[in-house]
Amino acid sequence: MTTTKNGDLFSIWNFDGHIAYEDITKETEDFDMKYCIGTGAYGYVYKVKLPRGKIVAVKKLHGLEAQNPAFDKSFRNEVKVLSEVKHRHVVKLYGFCLHNRNMFLIYQYMEKGSLFSILACLYYVVTEKCDVYSFGVVALETLVGSHPQEILASLQSKSACNITLCEVLDQRLAPPTTAIFQDIIDVAIVAFACLNSNPRYRPSMKCASQGFLTRRSSLNLPLHHKISLQQLMNQEFKYT
């Protein structure tokens, strides 16, 4: 649903169509800080319970941003990108509002606090090595064609010794040639180095990127299709 009133634009996707700008401002008492559950560089996040009981997270941009005409195009571009993203690990965008007083985005509300608070519990500070781990997950996901949840679990057990690289590769693709298999091994070694359970032993992002640009000529493994995940994990990550 898209509505326009006095030059304001309000749009909602995948919703019941009864939500309105007035609902948001009423339920937050005109964005009273007692409803605020988080803050960021561009605005505050509010927990809002709508008249029909639906709970959403509303990210209201700072006033200076909303009053800047040049920010309008940037805001619309962000909305366009967010509306096209469909991934189970990306919070769902319900809609947005361009108002003469306020700009805000309406998201699916997620329980258990912010991602920052969760990461803070997992890592006593959040460092670059957290991003390196996430990069390793994405690199591995590229090889297997889906989220590598089961593989990540197996890395913490002895079962990784019995799982070969070929078994976990994306089965929708044709079996790799020898040359392509060498490239796959190189990517896998970088990915597993990034997934090291000890953050201290993960490479920096610079080293990881260099690893993709150079081939490891000192591979201590025979080039065959029975290489296990454990063997790849045990490879010392180097780049030249």
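Residues numbered from 1 in each chain as written. Predicted model: local features only at pLDDT ≥ 70, side-chain atom pairs only at ≥ 80, totals over all residues. Heavy atoms only, no water.

Undergrad: Explain the packing of aromatic side chains to me, please; I cannot follow it from the model alone.
TA: Describing an aromatic ring pair means giving the distance of the ring centres and the angle of the ring planes. In total, this model carries two aromatic pairs according to the counting rule given. Measuring from ring centre to ring centre gives 5.7 Å for F31 and F104, while their planes differ by 55 degrees; the resulting arrangement is tilted. In this pair, F31 sits in the loop between α1 (21–27) and β3 (36–39) while F104 sits in strand β7 (residues 103–108), placing the two residues 73 residues apart along the sequence. You'll find F31 and F104 in the same group, each marked buried. (Phe/Tyr/Trp six-rings, centres within 6.5 Å; stacked < 30°, edge-to-face > 60°. Helix = DSSP H or I, 4+ residues; strand = E, 2+ residues; numbered from the N terminus. Buried < 20%, exposed > 50% of the residue type's maximum accessible area, 1.4 Å probe, protein only.)

Undergrad: Would you mind going over the environment of P176 with me for this structure?
TA: With respect to the helices and strands, P176 occurs in the loop between α7 (165–168) and α8 (178–194). For the pair P176 and C166, spaced ten residues apart in sequence, the C-alpha separation works out to 9.1 Å.

Undergrad: In this structure, what is going on with the state of the cysteines? I would like to understand it.
TA: Simply put, disulfide is the name for a covalent bond between the sulfur atoms of two cysteines. All chains considered together, the criterion is met by zero disulfides. Here C194 stays unpaired: no disulfide links it, and the sulfur of C207, its closest cysteine neighbor, is 9.8 Å away. (Disulfide = S-S within 2.5 Å.)

Undergrad: Even after reading the chapter, I still don't get the pairing of strand β4 (residues 43–49), so can you show me in this structure?
TA: Each regular strand displays side chains that alternate between the two surfaces of the sheet. Sheet topology places β3 next to β4; three bridges connect them, and they run antiparallel. The residue bridging T39 from the neighbouring strand is Y44, located in β4. Between β3 and β4, which pair antiparallel one after the other, the connecting turn spans three residues. Between β4 and the antiparallel strand that follows it, strand β5 (residues 55–61), lie five residues; G53 among them carries a positive phi value of about 95 degrees. (Pairing = 2+ DSSP bridges.)

Undergrad: Help me understand the side chain of K60 in this model?
TA: Inspection of the secondary structure assignment puts K60 in strand β5. Buried charged residue K60 carries no salt bridge. Nearest counter-charge: D30, at 7.4 Å. (Lys, Arg positive; Asp, Glu negative; His and termini not counted. Salt bridge = Lys/Arg side-chain N within 4 Å of Asp/Glu carboxyl O.)

Undergrad: Mind showing me how you'd approach the UniProt feature "binding site: ATP" (unreviewed entry) in the protein chain here?
TA: In the UniProt entry, the feature "binding site: ATP" (unreviewed entry) is given for K60. Setting aside chain neighbours within four positions, we find K60 in contact with F31, Y42, G43, Y44, Y46, N102, M103 and F104. (UniProt positions renumbered as here; feature names shortened; annotations may be inferred. Contact = heavy atoms within 4.5 Å.)

Undergrad: Please explain the pattern of salt bridges as it appears in this structure.
TA: A full pass over the atoms with the stated rule returns two salt bridges. With a shortest N-O distance of 3.1 Å, K34 and E29 are connected by a salt bridge. Looking at K34, the relative accessible area reads 57%, which means it is exposed. Judged by relative accessible area, which is 40%, E29 ranks as partly exposed.

Undergrad: What should I look at first to understand the confidence of the model for the protein chain in this one?
TA: Any segment with low pLDDT has predicted coordinates that should not be analysed in fine detail. On average, residues of the protein chain score 77 in pLDDT, and 74% of them reach the 70 mark or higher. Of the regions scoring below 50 in pLDDT, residues 1–10 engages in 27 contacts with residues more than four places distant in sequence or in other chains. (pLDDT = per-residue confidence, 0-100.)

Undergrad: Just to check I follow, could you spell out the environment of E167 for this structure?
TA: By secondary structure assignment, the location of E167 is in helix α7. Sequence-wise, E167 and K226 are 59 residues apart; in three dimensions their C-alpha atoms are separated by 9.0 Å. Polar contacts involving the side chain of E167 include one to the main-chain amide nitrogen of T164, which spans 2.9 Å. (Polar contact = N/O pair within 3.5 Å; in protein donor to acceptor, adjacent residues only side chain to side chain.)

Undergrad: What's the story with the nonpolar core in this structure? I'm lost.
TA: Burial of nonpolar side chains together is a common tendency in soluble globular proteins. Grouped together as the largest cluster of nonpolar side chains are 20 residues, with contacts concentrated most on I151, L165, I185, F192, L195 and L232. Counting only elements with at least two residues in this core, the list comes to α5 (128–144), α6 (149–154), α7, α8 and α10 (229–233). L165 has contacts with F181, I184, I185, A188, I227, S228, L229 and L232, leaving out every residue within four places of it along the chain. The next biggest cluster of nonpolar side chains, apart from the first, holds twelve residues, and it includes L50, V58, Y94 and I106. (Core = buried A, V, L, I, M, F, W, Y, C linked by side-chain atoms within 4.5 Å.)

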